[in-house]
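# Commentary on secondary and tertiary structure
What follows is the residue order along each chain.
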Amino acid sequence: MTTQRITLTVNGMTHAIEVEPRRTLADTLRDQCGLTGTHLGCEHGVCGACTVIVDNQPVRSCLMFGIQAEGRSIRTVEGLADGATLSPLQQSFWDHHGLQCGFCTPGFLMLATWLLERETPIDEAELRHVLSSNLCRCTGYQNILKAVREAAKGLGKWVESAPA
Amino acid sequence: MNWTGKRLPRLEDPALLRGEGSYTADIAIGARAVRLVRSPFASGRIISITPPAEMSAGALLVTGRDLAGLGTIRPTLARFNYVAIGQPILPVERVHFVGQAVAAVIADTPERAEDLAEQVMLDIDPEDAVADLDAAMAPGAPVLHPEAPGNVLVEGQLRQSGCDAAFAGAAHVVELGIRSRRQNATPMEGRGGCATFDRATGRVRLTASCQMPHMLRTGIAELLGMPEADLQVVAPDVGGGFGQKMALFPEYPLLVWLARKYRGSFAWIEDRNENLIASAHSRDQRHVIRGAFDADGTLRGLEVDILSNVGAFSCYPVTCGVEPLMAFAEYPGPYKVPAYAARARGITTNTCVMAPYRGVSRPAITFGMERLMDRAAAQLGIDRVALRRRNLVDSFPCRTAMGMTLDDASYIEAMDRAIDAADLPAFRARQAAARVEGRYLGLGFAVFNERTGYGTPAFAARSMGIVPGYEVVDIAMTPLGEIEARIGASPHGQGLRTALAQLIADRLGVTPDAVRIIHGDTDRTPYGWGTFASRGMVIAGGACQIAADKLADRLRVLAARMLQADPAGIVLRDGQAFAGEASMPLAELARLAHQRSDLFGSDVADRRFNLADTASYDPGGTFSNACHLAEVEVDVETGLVRIARYLVVEDAGRLINPMIADGQVHGGVAQGIANALFEEIIYAEDGNILTGSLADYLPPTAAEIPDIEIIHLETISDASITGAKGLGEGGAIGAPAAIGNAISDALAPFGVDITELPATPARIRALLRGREPTP
Ligand code: FES
Ligand code: FES
C-alpha cells in the first residue's frame, strides 16, 4: 500500500510523517507520533477512549484518517499538563478519584476539556449528556462526573439546574 | 501519623492523567503484528487452511499443524465428576465455537496482517452445534467432547439429612426458577500481548494485559515445554480485568512460541470484536430454587438445582467448575439454612469459554435467594424485612451447611441501616400516589455476604489441580532509606500501590510516597497468584503488614545499637527512630546498616544488613456483607426502567483508603446494573454470535448509571490481620437482585415478577402484555 507524506500539528508541535492513507488518526498519533496516551477501546466509534480535539471539536480519532487531519490543530492528552503541573481538570480527576485503571481517562479528559472550554455554562443535565458519549468500565462514572463538575465550578462555568 | 483510613489521592494517577501510562498496546508498537483467523462456525471439521495467494515479504501463516507436539490447555479438578478436556492452542481437527482462533497471520503492520488474514481460505465442514443449555442437554444432542458424552463437564451433588423432612413438614414450599443471561466483563482495554526474544540470553519477555502473571508464566512454559526461567511475564498498566484476564488463553503461548521460533518480537492486540466473541463470557446460568418455610416464615430447608453454560472449554487454572461449584457451595449466603440440598452442573456448549467475572456466581445466587425471599414474603403474607430478619445469621462465628465459617459481620444491621435510609412509609405513600396516576414505582433490596480474601484452604477444598492462595511480599529498605515492596499480586486499577503503601507507611513510621510497590513482573516479584476474588487488600495487604513489621523489628534492633537503647523502646515515627528524646533519621540508619555494618558489632541480629525481609500470608477467608437498595420507576408502556435511587450499605471491615473503597463500590454497582438491565451476549440457535460490537452489546453510560449513596459499616474480624475484608466484587453482586426486586415490587399490581436478567424493555413488555393492573 502506498504511503503519503503529511505534516501533523499536535499539541503545537509539527510531525512530518509518512502514512498509509487508510491509517486512522488514532494509529497515526500512536504509532507515528509516539503519542500513546490516546487509547483504543473499540475502534468502531462507540467507547470514546480515542477522543482527541481537532480544531476545537472533540473527535473520535479511530473514525478519522490521519491524512484528514493535516493542516488542522490536534490536541491530545499529552498536551494538557504543563510539565509536571496538571491542568485544573486533570488535578480534579486526581483529587476526586476520577480514574481507576486509567484506560478510558485520556478520552474523558479530552471530551471534558472541550466541554469546559466552551463559552456556555454547564449544568447537570448537560454534563451527563456530554459525558455519556464515552464508556468507562471501572468507575461507574460517579467520580468522573464529580471531577468535571468540580473543575467547572472552579472555572466559574457551573450553573445549578433549575429545580424540577 | 495514621495513613490507614485516609482518603489519600492515588500515587498511580499523575502518570495516567498525563497520558504516560504504559499499556500493552503501547509497548507493542514496532513488533510484528499477529492477526488471528477465527472460526466462522460454531462446530465443524477443519478440512484445510489455505494461505493467501500472495504473502508479502516476511509474512507468515501459522496453523495448528505447525504447533504439533505442544500441550493443550487442560486444567484439572479432582472431584465433582470433573471431565478434563484439552483446548489446543490452535486446533487441527475441529472448531468448537465461533471466534475460536484457527490460524495466525503475521505481517509487519497490523493493517497488513489484517489484509492477509482476510485472504486466508478456511475450508471447514460445519456440523450441528449446541449453543444453549437445553440444546446441549437434549437426548441425542451433538457431543462436543467424546470424553463427556452428555456434555456435562462437572457435577456437584449433595443432599443433607433432614432435607426431605424439612420439605415434607413445611407449611409452605416456595419455588422459583431464575435465568441469568450471558455477560462479557468488557474491560475497556482488551486482552493483548507482546513477546520479545532476547538474542543475548535466549529469554522471552511476554508483556500481557493479564491479572496473574506468575501463573501465566508457569502455564506457558509447561505448554511449550520450555524452561520457565527463560520466560519473563510482565503485566504493565492493565486497563481493567474483572476476572476476564485471569485465564491462560491460547494467544499467549502462541506469541511466546513465535518469539522463540523466529527470534523476534510478536504482538497481538485484541480488538473489541474479538473481546466480545472470543475472550471469555460468564453468568450464563439457570437455577431452580425451592425453600421450605414454617408458617412463621422460618426457612427450614433449601434445595437448588444449578445449570451453568460453561462454553466450549474449561478455563485455566480455575476450571469450568468455578461458576457452578461456587453456586453449589455458597447458595445459602447470609441465611440460616438447617438443611441444604444442591445439584450443580457445568454444561459444555459451542460457545465462547466461561471464565470468572466480578462476583462469579454470586450475582446470580443472590438474585435467586433474594427473589425467593420476596416471593416467600408475598406467599406467606409476611413483611419482607421481617422475613429476612427471622432468617439472617445473627450470631458469629457461624458454620454453614457447607462447612464454611461465617466470621463477624453485620447482616441485620446493614439491612436495618438501608431500610432506615429508605424511609419505607414515605416511599409506600409515594408509590400509592404514583399508581393512581398510572406510574409504577418499586423499591427492592438485596442482603448478601461475599466470601473474600480466601487463601489456599478455600481453593484446596475445591480440589483444583492448581491451588491458588497465598501471597508473598518481599520488602526492603534501600541504603538511601526508601522502601520497596515487591508483591506477587498484580493490580490493574484497584489502587493497590497507594493502599498498600498506606499500610506499610503506618508500620514503619514513614509517608506513603516513600514506599514503592513493585508488581506485575515475574523477574522482579516473588511468586504469587495475582489480583482477583476481592483478595488484594486482605491477602497482599496482610503479607505487606507482616513484612513491614519484620522490617520494623530489624530497624528497631539496629537503631537501638546506634542510640544505645533497648529495641523494645524504639519508636518509628516521622521517618525517624526515637529512643525517648534521642532520635536518628531512618535514612541515616539505612545507610549505616548497608555501608557501615562495622559500626553495629558482630553480635547484632543475624548480621543481615541488607534490611530485607519476606512475608507470606494465606488466610482461610472472611466474609464481607452488604445491603443494596434500589428504587426504580418502570414505564409500563415501553418496559423501560429508570433507577431513581441506589443505596449501598457495605461492611468490608476496616477501610484502608475509603476513597478507593467507594470507587470499587461505584464501579461494581454499575456493572451489576448492566447485568440487571442492559448487557447480554446473544447466540443464535446455530451458535452464531449476534452481539459482536458495542452497538449490540450495551455497556451503560453516565446517562444510565445513577449516583450511588454509600454507608460504610466496619466490623473488624480477626479472620483478616489488617481488619480489611475485600470488597472488589460486592457492588456487582447486589445490584441485579436489588433491581430485580425493585422492578418486581413496581409490577406487583400486574401479578408478574422478574426471574430473568437482564430485565430488558422487551422482557418486561412480554411479561406485561395482555395484563391489567389490579388496583
Ligand atoms: S476507540 Fe474510538 S470510539 Fe472506541
Ligand atoms: S478507569 Fe478503567 S475504564 Fe475508566
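Note that this is a predicted model, so its numbers are computed, not measured. (Residues numbered from 1 in each chain as written. Chains lettered and ligands numbered in written order. Predicted model: local features only at pLDDT ≥ 70, side-chain atom pairs only at ≥ 80, totals over all residues. Heavy atoms only, no water.)

### Quick word on the overall build of chain B
The number of helices and strands found in chain B is 20 helices and 29 strands. What you see for chain B is a C-alpha radius of gyration of 27 Å, in line with the 28 Å of a compact globule of 775 residues. Its C-alpha atoms give chain B principal-axis dimensions of roughly 90 × 75 × 50 Å. Expressed as a percentage of its 775 residues, the buried residues of chain B come to 64%. Pairs at least 24 apart in sequence give 80% of the contacts found in chain B among residues at least 6 apart. Per element, the accessible surface of chain B, about 25800 Å² overall, is 50% carbon and sulfur. (Helix = DSSP H or I, 4+ residues; strand = E, 2+ residues; numbered from the N terminus. Rg over C-alpha atoms; globule rule 2.2 N^0.38 Å. Buried < 20%, exposed > 50% of the residue type's maximum accessible area, 1.4 Å probe, protein only. Contact = heavy atoms within 4.5 Å. Areas by Shrake-Rupley, 256 points an atom, 1.4 Å probe, with all protein chains shown as cover.)

### Looking at the overall build of chain A
When helices and strands are tallied, chain A shows 5 helices and 5 strands. Each helix (α) and strand (β) of chain A, taken in turn from the N terminus, gives the series β-β-α-β-β-β-α-α-α-α. Taken over the C-alpha trace, chain A has a radius of gyration of 16 Å; the compact-globule value for 164 residues is 15 Å, and the two agree within 12%. Its C-alpha atoms give chain A principal-axis dimensions of about 60 × 30 × 30 Å. Within chain A, the fraction of its 164 residues that count as buried is 57%. Relative to all contacts within chain A whose residues are 6 or more apart in sequence, the contacts with residues 24 or more apart total 55%. Total accessible area on chain A stands at roughly 6500 Å², and carbon and sulfur atoms take up 51% of it. Of the charged side chains in chain A, 14 are positive and 17 negative; the average position of the first set lies 4 Å away from that of the second. (Lys, Arg positive; Asp, Glu negative; His and termini not counted. Charge placed at Lys NZ, Arg CZ, Asp CG, Glu CD.)

### What about the pairing of strand β20 (residues 483-487) of chain B?
Residue and element names in this part refer to chain B. Only one face of β20 is buried, namely the one carrying Ile483, Ala485 and Ile487, since none of Glu484 and Arg486 on the opposite face is buried. Looking at chain direction, strand β19 (residues 471-477) and β20 are connected through 5 bridges and run antiparallel. Residue pairing for β20: Val473 is matched across the bridge by Ile487. Once β19 ends, the chain turns through 5 residues before running back antiparallel as β20, passing Gly481 with a positive phi of about 90 degrees. Following the backbone out of β20, through helix α15 (residues 496-508) and into the adjacent parallel strand β21 (residues 515-518), one traces a crossover that is right-handed. (Pairing = 2+ DSSP bridges. Right-handed = clockwise from strand over helix to strand, strands pointing away.)

### What to know about the UniProt feature "domain: Aldehyde oxidase/xanthine dehydrogenase a/b hammerhead" (unreviewed entry) in chain B
Summarizing the sequence annotation, UniProt attributes the feature "domain: Aldehyde oxidase/xanthine dehydrogenase a/b hammerhead" (unreviewed entry) to residues 18-128 of chain B in the numbering used throughout. Counted over residues 18-128 of chain B, helix gives 13% and strand 30%. Its end C-alpha atoms are 51 Å apart. (UniProt positions renumbered as here; feature names shortened; annotations may be inferred.)

### Quick notes on the nonpolar core
Ranked by size, the top nonpolar core spans 228 residues in total, and within it A:Phe93, A:Leu131, B:Leu206, B:Leu254, B:Tyr331, B:Tyr646 and B:Ile743 carry the most contacts. When neighbours within four sequence positions are excluded, A:Phe93 is seen to be in contact with A:Gly98, A:Leu99, A:Thr105, A:Phe108, A:Leu109, A:Ile144, A:Ala147, A:Val148 and B:Leu17. Counting 53 residues, the second-largest nonpolar core is a separate cluster that includes B:Ala505, B:Ala548, B:Ile656 and B:Ala724. (Core = buried A, V, L, I, M, F, W, Y, C linked by side-chain atoms within 4.5 Å.)

### Overview of the domain arrangement of chain B
According to the domain assignment, chain B contains domain 1 (31-124), domain 2 (361-453 + 621-768) and domain 3 (457-617). Averaged C-alpha coordinates put domain 1 of chain B and domain 2 of chain B at centres separated by 41 Å. (Domains from an automatic or database assignment.)

### Some points on the packing of helix α3 (residues 105-117) of chain A against helix α5 (residues 142-154) of chain A
Residue and element names in this part refer to chain A. Direction vectors running N to C along α3 and α5 enclose 30 degrees, while the axes themselves pass 11 Å from each other. Between α3 and α5, the angle is such that the two are roughly parallel. Both α3 and α5 take part in a crossing whose hand is right-handed. Contacts from Phe108, Ala112, Leu115 and Leu116 of α3 reach α5 at Ile144, Val148, Ala151 and Ala152. A class-by-class count of the residues in the contact of α3 with α5 yields 8 nonpolar, no polar and no charged. (Axes fitted to C-alpha atoms, helices over the stretch in contact; angles between N-to-C directions. Parallel < 35°, antiparallel > 145°, perpendicular 65-115°, else oblique. Left-handed = near helix turned anticlockwise from the far one by under 90°. Nonpolar A, V, L, I, M, F, W, Y, C, P; charged D, E, K, R; others polar.)

### Concerning the pattern of salt bridges
Oppositely charged side chains are able to pair whenever their charged atoms sit close together. Using the criterion set out here, one finds 67 salt bridges over all chains in the structure. Between B:Glu729 and B:Arg362 there is a salt bridge, with its nearest N and O atoms 3.0 Å apart. In this pair, B:Glu729 is assigned in the loop between β28 (708-713) and α19 (730-746) and B:Arg362 in helix α10 (residues 362-380), connecting sequence segments 367 residues apart. We classify B:Arg362 as buried; its relative accessible area is 2%. In the salt-bridge network here, residues are joined through shared partners; they are A:Glu20, A:Arg22, B:Asp108, B:Arg112 and B:Asp115. (Salt bridge = Lys/Arg side-chain N within 4 Å of Asp/Glu carboxyl O.)

### Remarks on the sheet that holds β20(B)
All names here are of chain B. Read from one edge of the open sheet, 4 strands run β21-β20-β19-β25, paired in mixed fashion. Across the chains shown, the open sheet's two edge strands, defined by having one partner strand only, are β21 and β25 (612-617). Mean inter-strand twist for the sheet, computed between neighbouring axes without regard to direction, equals 20 degrees. Here α15 sits on the sheet and contacts β19, β20 and β21; the angle it forms with β21, its principal contact strand, is near 135 degrees.

### Here we look at the pairing of strand β11 (residues 231-234) of chain B
Residue and element names in this part refer to chain B. Both faces of β11 are covered, namely the face carrying Leu231 and Val233 and the face carrying Gln232 and Val234. Relative to β11, strand β10 (residues 203-208) runs parallel, the two being bridged by 4 bridges. Directly across from Leu206, in β11, lies its bridge partner Val233. Between the parallel elements β10 and β11, the chain passes through helix α6 (residues 213-224) in a crossover that is right-handed.

### So, the sheet that holds β28(B)
Residue and element names in this part refer to chain B. The strand order across the open sheet built from 4 strands is β18-β26-β27-β28, with neighbouring strands paired in mixed fashion. Edge positions in the sheet fall to β18 (440-452) and β28, since each has one partner strand and no second. Adjacent strand axes in the sheet meet at a mean angle of 20 degrees, parallel and antiparallel pairs treated alike. Relative to strand β27 (residues 640-651), strand β26 (residues 622-635) runs antiparallel, the two sharing 11 bridges. Directly across from Asp635, in β27, lies its bridge partner Leu640.

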